Amino acid sequence: MIDWIAIFSNAAQELISPTTAAYALAALGLAIHFGYTGLLNFGQAGFMALGAYGYAISILSFGFPVWAAVLVGIGASVVFALILGIPTLRLRADYLAIVTIAAAEILRLVFTTNTFDALTGSASGLQGYKQGFADLNPIPSGTYGFGPFTYNAYDWWIRIVGWTLVVVLALITWLIMRSPWGRVIKGIREDEDAVRALGKNVYSYKMQSLILGGVYGTLAGMIFVLPRAVVPANYQTSLTFFIYAILLLGGAATILGPVIGSMIFWVLLSFFSGFVARAVEAGWLPFMSQVQAGQLRFILVGVAIMLIVIFRPQGIFGNKKELAFVK
Amino acid sequence: MSSDSTPTSKPVKTTGLHVGDAGPGCRKVDPILVADGVTRTFGGLTAVDVEHVEVPRGAITALIGPNGAGKTTFFNLLTGFDKPDSGRWQFDGRSLAHVPAYRVARMGLIRTFQLTKALGLLTVLDNMKLGAKGQTGENLFRSVLPFLWRKQEDEIEAKALEILARFKLDTKKDDYAASLSGGQRKLLEMARALMSDPTLVMLDEPMAGVNPALTQSLLDHILDLKSQGMTVLFVEHDMHMVRHIADWVIVMAEGRIVAEGDPHSVMQDQAVIDAYLGAHHDTDLGTTDTGHVEVLKELIDDEQ
Ligand SMILES: Nc1ncnc2c1ncn2[C@@H]1O[C@H](COP(=O)(O)OP(=O)(O)OP(=O)(O)O)[C@@H](O)[C@H]1O
Ligand SMILES: [Mg+2]
């Protein structure tokens, strides 16, 4: 028999999981890049890796306090954005896409290689960097919550920090996008030459956007590794594509879209994986093994996202009116 | 190009703009823009080869010439949107060579594009507001603190609404620019250019695709710019319009300036007739592009 309660409660937990928060942050960064500025950044996984490694290495190898480790991660992603942006932002949009996808892969391979094993832990990655963050936890130890949302103090601490960050950055994004700065950014998305002709330094604005969205990705990378270890295999290009899927699902030029999109993505993923695994166990899918079942969930999520994009191409929060004018 | 687009009222022409004989590259009493030896080639094709040209201040100057003469390319070079192979040019006494496009605009030289660049998914009002210079809220760090820029934003909005009303676009202010018609976009682009109080406005075919009823009001807008003290340089194929509002005409053909003068005399210039018909028009008129014959007929008609 299938344990529906377990499937649903596992899926519900994803609503507020730190991973969902991390993906929401990364997608919010991509919304700034792609949705508002029109920058095709396919290297968001690279920014996340810099956050994860910047944070973990600062603590493990250099004994930095938490705040300094966070600053190191942010600094690394600013430098990364400059390296990506300086040669490409003057060129056509597709060049940035190629360079970001390659640069993110290079980063991942550098983190994977044995050469820097002492710092990066190569393929097996890093762990043991969580104490500093746990020490900041004001919640007395114990178990709190109700139903599926019952966690210990550390797990609540990650969730509170992660989702506070999501709310704060979503508010900041909302503020800047309705300001004159946001107007310039959206103008650049529509036609950068027109904006240039009005006296705006388009190159500088694109760089600011790339850095800002990249920093969101970096913070996402830090939240992402707080409930798990740092493993280089997590930062493959497919990570970037999942974040794009979330962004398109929610609506590219929206604030709530990336956040709700991330929730839907993870709830669906958990639901399908729970359902398929138990269905195989119960012998409903005799043609499949457990391993195959693990892959099937991505196929099902893919189909679900395709359906949403076909029947609601502007995304959940996107403006239907805009779609009428998409070239 | 029907004659009913020709306005009836006679605008006041500015005269006495040049020094000495009118001719290609002649000196002006008070030039706002001076270009020297500007060349631009695309592969083997010399698109622009301007030895010397001066644009008079406070007047409306038309830049005319057949298709492919290099007018748009020259515009691009002057405004920093393209880089010349050689040459120097200055605006208001300051050199513009190697100055990026956005700095050129900040210096007060604003252009529009032949292929209209309305920012489709911005509202008409946002398009306008984007044109204003020196906005505090365009700084990323200050943008999160609305109280720093709210007052300036209100002033910009008031100004935008006033200009939109002049261009009869005020009822459209909350629509996406993408929903405007082609002619309305031309109007919006011109209105947007005015948001920064430019000293020199360069319009690339402002009338293309604008219906005759609107043409009249666009002409009035351009004349209005002059009365407000701005200098206008525009590219146009409609000779009625050129004759009606231009104080000075510069003729380009195959990248060169071939003639200059007031609209009356320039259209009788042999070089202009050659430019539009090709130098050997007397021998093979039958094979010439009929569009050019039309233009020439217009020139001659107008003179009568
Ligand atoms: N980017 C480019 N690459 C190659 N050739 C170009 C380019 N831009 C312009 N040209 C060539 O330069 C010449 C001048 O073009 P330009 O657009 O300046 O003409 P124009 O005078 O504006 O013509 P029109 O009245 O048709 O707008 C043309 O022969 C054109 O083919
Ligand atoms: Mg042209």
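For the structure, see preceding data.
Residues numbered from 1 in each chain as written. Chains lettered and ligands numbered in written order. Predicted model: local features only at pLDDT ≥ 70, side-chain atom pairs only at ≥ 80, totals over all residues. Heavy atoms only, no water.

(A) Here's a closer look at the overall build of chain A. Helix and strand counts for chain A come out as 15 helices and two strands. In terms of overall size, chain A behaves like a compact globule, its C-alpha atoms giving a radius of gyration of 20 Å where 327 residues would be expected to give roughly 20 Å. A principal-axis box enclosing the C-alpha atoms of chain A has dimensions of 65 × 50 × 40 Å. Counting the 327 residues in chain A, one finds 52% classified as buried. In chain A, the proportion of contacts linking residues at least 24 apart, taken out of those at least 6 apart, comes to 74%. Entry remark: accessible area of chain A is about 13,900 Å², with carbon and sulfur atoms responsible for 69%. Within chain A, one finds 19 positive and 13 negative side-chain charges whose respective centroids are separated by 9 Å. (Helix = DSSP H or I, 4+ residues; strand = E, 2+ residues; numbered from the N terminus. Rg over C-alpha atoms; globule rule 2.2 N^0.38 Å. Buried < 20%, exposed > 50% of the residue type's maximum accessible area, 1.4 Å probe, protein only. Contact = heavy atoms within 4.5 Å. Areas by Shrake-Rupley, 256 points an atom, 1.4 Å probe, with all protein chains shown as cover. Lys, Arg positive; Asp, Glu negative; His and termini not counted. Charge placed at Lys NZ, Arg CZ, Asp CG, Glu CD.)

(B) Highlighting the coordination of the magnesium ion (ligand 2). Each protein donor to the magnesium ion (ligand 2) is listed here as Thr72 of chain B (OG1) and Gln114 of chain B (OE1); together their distances run 1.9 to 2.1 Å. In this pair, Thr72 of chain B sits in helix α1 (residues 71-78) while Gln114 of chain B sits in the loop between β6 (109-111) and α3 (124-130), placing the two residues 42 residues apart along the sequence. (Donors = N, O, S within 2.8 Å, 3.2 Å for Na, K, Ca; no water.)

(C) How the structure looks around the nonpolar core. Tyr55 and Tyr235 of chain A are the most contacted members of the largest nonpolar core, which totals 94 residues. Top contributing element to this core by residue count: helix α11 (residues 202-225) of chain A, with 15 residues. (Core = buried A, V, L, I, M, F, W, Y, C linked by side-chain atoms within 4.5 Å.)

(D) The interface of chain A and chain B, seen in detail. With 30 residues of chain A at the contact, the number on the chain B side is 33 residues. For the pair chain A and chain B, the interface holds four salt bridges. Lys200 of chain A is the salt-bridge partner of Glu138 of chain B, the closest N and O atoms lying 3.0 Å from each other. Seen at the junction of chain A and chain B, the total is eleven residue pairs in polar contact (both at pLDDT 80 or more). Those elements giving two or more residues to the side of chain A that touches chain B turn out to be α8 (153-177), α9 (180-190), α10 (192-197), α11 and α15 (320-323) of chain A. Examining the composition of the side of chain A that touches chain B, we find that eight residues originate from one element, α9 of chain A, more than from any other. Of the residues belonging to the side of chain A that touches chain B, the class tally is 13 nonpolar, six polar and eleven charged. (Salt bridge = Lys/Arg side-chain N within 4 Å of Asp/Glu carboxyl O. Polar contact = N/O pair within 3.5 Å; in protein donor to acceptor, adjacent residues only side chain to side chain. Nonpolar A, V, L, I, M, F, W, Y, C, P; charged D, E, K, R; others polar.)

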